[in-house]
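Summary of structural features
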Amino acid sequence: MPRRSAPQPELTLPKGSFAIIFGVSLATAMGNTGLISVLPAIGRSIGIPDEMVVAIFSLSALLWAFSSPWWARASDRYGRKPLMIVGLSGFMVSMALCGVVVSAGLRHLAAPVVIFVLFLLARALFGLFGAASNPATQAYLAERTAPEKRTQAMASLAGAFGLGTVIGPFLAPLFILPIVGLAGPLFSFSLIALAMLVVVWRMLPDTPVPEEARRPRRPVVGGPREKPMWRDPRVTPFLIYGFVVASCQTAQAQTLGFLIIDKLQFSPAQAQGFIAIAMMFGAVAGLLAQWGIIRMFEMTPRQLLRWGVAVAALGNLVVALSPDYWTVVAGYAVSSLGFGLARPGFTAGASLAVSMGEQARAAGAIAAVNGINVVLAPLFMSLYRYMEAGPFLLSMVLLIGMGIYAFTNPQLRNAEPEPVSREAATMATIEKSDEGGAP
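Residues numbered from 1 in each chain as written. Predicted model: local features only at pLDDT ≥ 70, side-chain atom pairs only at ≥ 80, totals over all residues. Heavy atoms only, no water.

Some details on the overall build of the protein chain
Which entries qualify depends on this criterion: To qualify as a helix, a DSSP run of H or I must reach at least 4 residues; to qualify as a strand, a run of E must reach at least 2; elements of each kind are numbered from the N terminus. Three labels apply to residues, based on accessible area from a 1.4 Å probe with only protein chains included: buried if under 20% of the type maximum, exposed if over 50%, partly exposed otherwise in between. We call two residues in contact whenever any of their non-hydrogen atoms come within 4.5 Å of each other. Per-residue accessibility takes into account occlusion by the displayed protein chains alone, with areas from the Shrake-Rupley method and a 1.4 Å probe.
Tallying secondary structure elements over the protein chain gives 17 helices and 0 strands in all. Per-residue burial over the protein chain gives 56% buried out of 439 residues. Within the protein chain, counting contacts between residues at least 6 apart in sequence, those at least 24 apart form 85% of the total. Accessible surface, the protein chain as shown: approximately 19,200 Å² in total, 68% of it carbon and sulfur.

Comments concerning the pattern of salt bridges
Stated formally: Whenever Lys or Arg places a side-chain nitrogen within 4 Å of a carboxyl oxygen from Asp or Glu, that contact is recorded as a salt bridge.
Per the stated rule, a full pass over the model turns up 5 salt bridges. For Arg-44, the salt bridge is made with Asp-50, and the minimal N-O distance between the two is 3.1 Å. Classification of Arg-44 by relative accessible area gives partly exposed; the value is 28%. The class for Asp-50 is buried, based on a relative accessible area of 7%. A salt bridge links Arg-44 to Asp-262; the shortest N-O distance between them is 2.9 Å.

Some details on the nonpolar core
The test is simple: For our purposes a nonpolar core is just a set of buried Ala, Val, Leu, Ile, Met, Phe, Trp, Tyr and Cys residues, chained together by side-chain atoms within 4.5 Å.
By size, the foremost hydrophobic cluster in this structure holds 75 residues, and its most contacted members are Leu-35, Ile-42, Phe-119, Leu-186, Val-200 and Ile-260. Per-element accounting of this core gives the leading share, 11 residues, to helix α1 (residues 15-46). When sequence neighbours within four positions are dropped, the list of residues in contact with Ile-42 reads Val-102, Phe-119, Leu-182 and Leu-186. Formed by 26 residues, the second largest nonpolar core is a distinct cluster that contains Tyr-241, Cys-248, Leu-305 and Ala-406.

Points about a nonpolar patch on the surface
Selection criterion: Patches here are clusters of residues that have more than 30% relative accessible area and form no salt bridge, with a 9 Å joining cutoff for like charges and a 5 Å cutoff for nonpolar side chains (Val, Leu, Ile, Met, Phe, Trp, Tyr).
The grouping of Leu-59, Val-113, Val-114, Val-117, Leu-118 and Leu-121 at the surface amounts to a nonpolar patch, some 460 Å² of accessible area in total. Residue contributions to the nonpolar patch peak at 5 residues, all from helix α4 (residues 112-129). Taking relative accessible area as the criterion, Val-117 reaches 40% and is therefore assigned partly exposed.

Some points on the side chain of Ser-190
What counts, and what does not: In protein, a polar contact means a hydrogen-donor-capable atom and an acceptor-capable atom, both N or O and within 3.5 Å, with residues adjacent in sequence counting only if both atoms are side-chain atoms; elsewhere, any N or O pair within 3.5 Å suffices.
Locating Ser-190 in the fold gives a position in helix α7 (residues 184-203). Polar contacts involving the side chain of Ser-190 include one to the main-chain carbonyl oxygen of Met-92, which spans 2.8 Å. Each residue touching Ser-190, except ones within four places of it in the same chain, is listed here: Met-92, Met-95 and Ala-96.

Regarding unusual backbone geometry
Backbone geometry at His-108 places phi at a positive 55 degrees, although glycine is not the residue there. Within the fold, His-108 resides in the loop between α3 (80-106) and α4. A positive phi angle, near 60 degrees, is found at Gln-265, a position not held by glycine. Inspection of the secondary structure puts Gln-265 in the loop between α9 (236-264) and α10 (268-296). Owing to a relative accessible area of 65%, Gln-265 belongs among the exposed residues under this scheme.

Description of the packing of α10 against helix α12 (residues 325-353)
We count it as follows: In this analysis, axes come from line fits to C-alpha atoms, helices being fitted only over the stretch in contact, and the angle between any two N-to-C directions falls in the range 0 to 180 degrees. Two helices cross in a left-handed way if the nearer one is turned anticlockwise from the farther one by less than a right angle. They cross in a right-handed way if the turn is clockwise. Polar here means any residue other than Ala, Val, Leu, Ile, Met, Phe, Trp, Tyr, Cys and Pro, which are nonpolar, and Asp, Glu, Lys and Arg, which are charged; Gly is therefore polar.
Where α10 contacts α12, the axes come no closer than 8 Å and their chain directions differ by 35 degrees. Viewed along their axes, α10 and α12 form a crossing whose handedness is right-handed. For the contact of α10 with α12, the class distribution of residues is 18 nonpolar, 5 polar and no charged.

Brief notes about the environment of Pro-112
Mapped onto the elements of the fold, Pro-112 is located in helix α4. Judged by relative accessible area, Pro-112 falls into the partly exposed class, the value being 31%. For Pro-112 and Pro-49, which are 63 residues apart along the polypeptide, the C-alpha to C-alpha distance reads 8.6 Å. Once you skip the residues sitting within four places of it in the chain, Pro-112 turns out to touch Ile-46, Gly-47 and Ile-48.

Notes on helix α2 (residues 50-78)
Where we set the bar: An expected span of 1.5 Å times one less than the residue number is assigned to each helix. The reported bend at a residue is simply the angle between two axes, fitted to the 7 residues ending at it and to the 7 residues beginning with it.
With 29 residues, α2 ought to run about 42 Å at 1.5 Å a step, and its terminal C-alpha atoms sit 41 Å apart, in line with that. The largest bend along α2 reaches roughly 40 degrees and is located at Ser-67, with the proline Pro-69 sitting one to four residues downstream. One or two residues past the end of α2 sits Gly-79, with phi positive at roughly 105 degrees.

What to know about the packing of aromatic side chains
The line we're drawing: Pairing of aromatic side chains requires ring centres within 6.5 Å, counting the rings of Phe and Tyr and the six-membered ring of Trp. Pairs whose planes differ by under 30 degrees are stacked, by over 60 edge-to-face, and all others tilted.
All chains considered together, the criterion is met by 8 aromatic pairs. Measuring from centroid to centroid gives 5.3 Å for Phe-274 and Tyr-325, while their planes differ by 85 degrees, and the two rings are edge-to-face. In this pair, Phe-274 sits in helix α10 while Tyr-325 sits in helix α12, placing the two residues 51 residues apart along the sequence. Ring centres of Tyr-325 and Trp-326 lie 4.9 Å apart, and the angle between their planes is 70 degrees; on these two criteria the pair is classed as edge-to-face.

Section: α10
Helical geometry note: an α-helix holds 3.6 residues per turn, so side chains three or four residues apart project in the same direction. Between the first and last C-alpha of α10 there are 40 Å, a value that for 29 residues agrees with the 42 Å anticipated at 1.5 Å per step. Its axis deflected by about 35 degrees at Ala-289, α10 carries its strongest bend there. Immediately downstream of α10, the backbone of Glu-298 shows phi near 50 degrees, a positive value.

A look at the packing of α1 against α3
Selection rule: Angle categories are assigned with fixed cut-offs, so that under 35 degrees is roughly parallel, over 145 is roughly antiparallel, 65 to 115 is roughly perpendicular, and the rest are oblique.
The interhelical angle for the contact between α1 and α3, taken along N-to-C directions, is 20 degrees, at an axis separation of 11 Å. For the element pair α1 / α3, the angle class is roughly parallel. The two elements α1 and α3 cross, and the hand of that crossing is left-handed. Packed against α1, whose contacting residues are Ile-21, Val-24, Ala-27, Thr-28, Gly-31, Asn-32, Leu-35, Ile-42, Ser-45 and Ile-46, the element α3 presents Met-84, Leu-88, Phe-91, Met-95, Val-102, Gly-105 and Leu-106 at the interface. Counted by class, the contact of α1 with α3 contains 12 nonpolar, 5 polar and no charged residues.

If you want it as structure tokens, here you go:
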């Protein structure tokens with residue numbers, strides 16, 4: 001009789017372990033969006049020029065884009081849990097140092113330009129070391145979840161990032177305390193990361209990485225050198241589209257706080273609660289697009305590429321022409337809804353354009369796009385200084401251009417006409433929280 005193979009053990013991630021890695025992602029997302037919400041008030045209070053304030057994220061984003069692939073490989077070699085600890089430690093130390101720098105700036109212990117440089121370097125630590133936790137959490141989940149349950153598990157993990165974008169701006173004003181002032185949220189988010197670090201260290205099971213993942217990649221000997229994905233004609237149009245869309249979204253998010261302060265004519269500290277409300281409306285609208293509309297109407301990548309930029313352009317026009325605060329909030333929510341449609345569109349389109357064996361390289365190219373776009377935010381801020389509506393009108397024009405591009409470019413026009421999978425929407429949510437609005 002033929003010998004029966006032993007049944008494979010069922011892969012099941014314990015609920016407690018999932019809750020821990022969910023908390024890792026939640027803590028990071030809360031801190032990053034909370035920092036974005038208070039940054040305009042911090043800059044105005046210290047006297048740092050607006051362009052330099054938004055540039056604080058630029059170095060961190062670049063370091064994130066370049067270090068993420070290295071950390072992903074390191075998690076294969078050293079394990080998932082150690083890399084989560086590295087990422088949380090980098091986030092915790094970076095936030096604490098940013099809090100110290102902001103405290104010094106609020107007390108005018110150094111010139112604003114010195115505070116800016118120190119703030120830039122302190123934040124850069126997150127881009128360099130904080131990037132370690134994201135690939136580790138995703139790999140930890142994937143290794144311990146059966147294939148038929150992995151999609152639902154990844155969607156649930158993405159919920160941590162979406163939830164963090166709502167909770168972070170809500171908590172930030174509550175942490176503006178009498179003694180530390182606007183530095184309070186930074187110290188508070190650092191303490192939250194410390195608590196999460198202890199939980200991971202003491203409670204997360206540290207099972208070995210499978211032997212297959214430990215094996216180093218064999219270099220290709222001979223033959224033509226592999227073309228960079230950004231030069232691949234199958235993917236390049238999606239990366240161009242994604243870069244422009246992500247740049248407009250980042251610029252809007254980082255300009256929003258300054259616009260609200262100027263609209264209300266409040267002090268930076270007084271306006272903080274209003275900034276948090278606006279950002280929460282935007283976050284909820286983005287989640288509505290990615291968790292509701294896309295699935296409800298089974299939208300295809302081609303539809304998302306077109307409808308996403310159209311809705312986002314409309315939202316930017318509303319913000320540009322807004323006469324009051326609540327119109328700004330409405331326009332920002334409409335824009336966020338559009339961006340929530342467009343990002344899964346180019347993410348899924350790029351994924352479907354390449355073979356299964358090229359998925360990792362395509363995902364890496366998309367992650368780089370989501371990180372590098374942040375460097376353009378100071379240019380939008382410079383335009384804001386000369387014309388309040390300028391950044392939003394420019395974004396509207398760029399988004400309309402991408403809409404035309406989506407109709408005329410062969411790759412975008414012929415994007416696979418199948419509904420966007422839950423994985424694509426999930427990955428877009430993760431990439432947005434990690435890079436587009438975070439480093």
